[in-house]
Amino acid sequence: MPGPVDLSPVHLALDRLRRQLCHCGLQGECLGCRGVDMVRAQVEAVAAAASQPVLMQVAQEAAMKDMAARFEEMSQRLLSDPEIRQAAEAMQQRVMADPEARRLLEELMRRLGPMEPPTS
């Protein structure tokens, strides 16, 4: 695994660029200063993400898939119980009957984006 990333050449270049773009006397108040600070933060975020070990990235993805599979299995087990299924259906009907709750739920679903169908 490679060692820490040396961003000092990038920081020096950004400092030079900031001096060229600044209109506020390097107080961090003008668009030039703020833009350079934003680019600096993005460079640091990219370097941090890219230097994360690949095995860690794979492990995190596997953990998320495992958690999703366990949640799906638990919900299937719960919904196979007739009493729990009836209670869930009754709750769904009550939520959908309330216009404000329905609107909030629809807004949430829009924000989550299109859901992928489960692959089994």
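On a predicted model such as this, the values are computed, not experimentally measured, just so you know.

What counts, and at which threshold
Residues numbered from 1 in each chain as written. Predicted model: local features only at pLDDT ≥ 70, side-chain atom pairs only at ≥ 80, totals over all residues. Heavy atoms only, no water. Helix = DSSP H or I, 4+ residues; strand = E, 2+ residues; numbered from the N terminus. Rg over C-alpha atoms; globule rule 2.2 N^0.38 Å. Buried < 20%, exposed > 50% of the residue type's maximum accessible area, 1.4 Å probe, protein only. Expected span 1.5 Å × (residues − 1). Polar contact = N/O pair within 3.5 Å; in protein donor to acceptor, adjacent residues only side chain to side chain. Disulfide = S-S within 2.5 Å. Patch = residues over 30% accessible without salt bridge, like charges linked within 9 Å, V, L, I, M, F, W, Y side chains within 5 Å. Areas by Shrake-Rupley, 256 points an atom, 1.4 Å probe, with all protein chains shown as cover. Salt bridge = Lys/Arg side-chain N within 4 Å of Asp/Glu carboxyl O. Axes fitted to C-alpha atoms, helices over the stretch in contact; angles between N-to-C directions. Parallel < 35°, antiparallel > 145°, perpendicular 65-115°, else oblique. Contact = heavy atoms within 4.5 Å. Nonpolar A, V, L, I, M, F, W, Y, C, P; charged D, E, K, R; others polar.

### Structural notes on the overall build of the protein
Part 1 of the argument: Summing up its helical and strand segments, the protein has five helices and zero strands in all.
Part 2 of the argument: Counting from the amino terminus, helix and strand elements in the protein follow one another as α-α-α-α-α.
Part 3 of the argument: The C-alpha atoms of the protein give 25 Å as radius of gyration, which overshoots the globular expectation for 120 residues (14 Å, by more than 25%).
Part 4 of the argument: The dimensions of the protein, computed from C-alpha atoms along their principal axes, are 70 × 45 × 20 Å.
Part 5 of the argument: A burial count over the protein gives 10% of its 120 residues as buried.

### Topic: helix α5 (residues 99-112)
Part 1 of the argument: Here α5 spans 20 Å end to end across 14 residues, near enough to the 20 Å set by a 1.5 Å rise per residue.
Part 2 of the argument: Backbone nitrogen of Glu100 and a side-chain oxygen of the N-cap are separated by 3.3 Å at the start of α5; the cap is Asp98.

### Things to note about the state of the cysteines
Part 1 of the argument: Under the defined criterion, the tally for this structure stands at zero disulfides.
Part 2 of the argument: Take Cys22: it sits in no disulfide, and the sulfur closest to it among the cysteines is that of Cys33, at 3.6 Å.
Part 3 of the argument: Cys30 takes part in no disulfide bond, and the closest cysteine sulfur to it belongs to Cys33, at a distance of 3.7 Å.

### With respect to helix α4 (residues 82-97)
The α-helix advances 3.6 residues per turn, and as a result positions three or four apart in sequence lie on the same side.
Part 1 of the argument: The end-to-end C-alpha separation of α4 is 22 Å, in line with the 22 Å expected for 16 residues at 1.5 Å each.
Part 2 of the argument: Of all 16 residues making up α4, only zero are buried, and the element is barely covered by its neighbours.
Part 3 of the argument: The backbone nitrogen of Glu83 has a side-chain oxygen 3.0 Å away, supplied by the residue at the start of α4, namely Asp81.

### Digging into the environment of Met96
Part 1 of the argument: The residue Met96 is located in helix α4 in this model.
Part 2 of the argument: Judged by its relative accessible area of 29%, Met96 is partly exposed.
Part 3 of the argument: For Met96 and Glu106, which are 10 residues apart along the polypeptide, the C-alpha to C-alpha distance reads 10.0 Å.

### Some words on a nonpolar patch on the surface
Part 1 of the argument: Together, Met91, Val95, Leu105, Leu108, Met109 and Leu112 give the surface a local cluster of nonpolar side chains, amounting to about 530 Å² of exposed area.
Part 2 of the argument: Among the secondary structure elements, those contributing two or more residues to the nonpolar patch are α4 and α5.
Part 3 of the argument: Looking at which element gives the most residues to the nonpolar patch, the answer is α5, with four residues.
Part 4 of the argument: Relative to the assigned elements, Val95 resides in helix α4.

### Topic: the packing of α4 against α5
Part 1 of the argument: Two numbers describe how α4 lies on α5: the axes approach to 5 Å, and their chain directions differ by 100°. By the angle class used here, α4 and α5 are roughly perpendicular. The segment α4 lies against α5, with Val95, Met96 and Ala97 engaging Pro99, Ala101, Arg102 and Leu105.
Part 2 of the argument: Here the contact of α4 with α5 is composed, by residue class, of six nonpolar, no polar and one charged.

### A closer look at the environment of Cys22
Part 1 of the argument: As for its position among the elements, Cys22 is in the loop between α1 (8-21) and α2 (31-50).
Part 2 of the argument: Put simply, Cys22 and Gly32 are 10 residues apart on the chain and 5.1 Å apart in space, counted from C-alpha to C-alpha.
Part 3 of the argument: Once you skip the residues sitting within four places of it in the chain, Cys22 turns out to touch Cys30 and Cys33.

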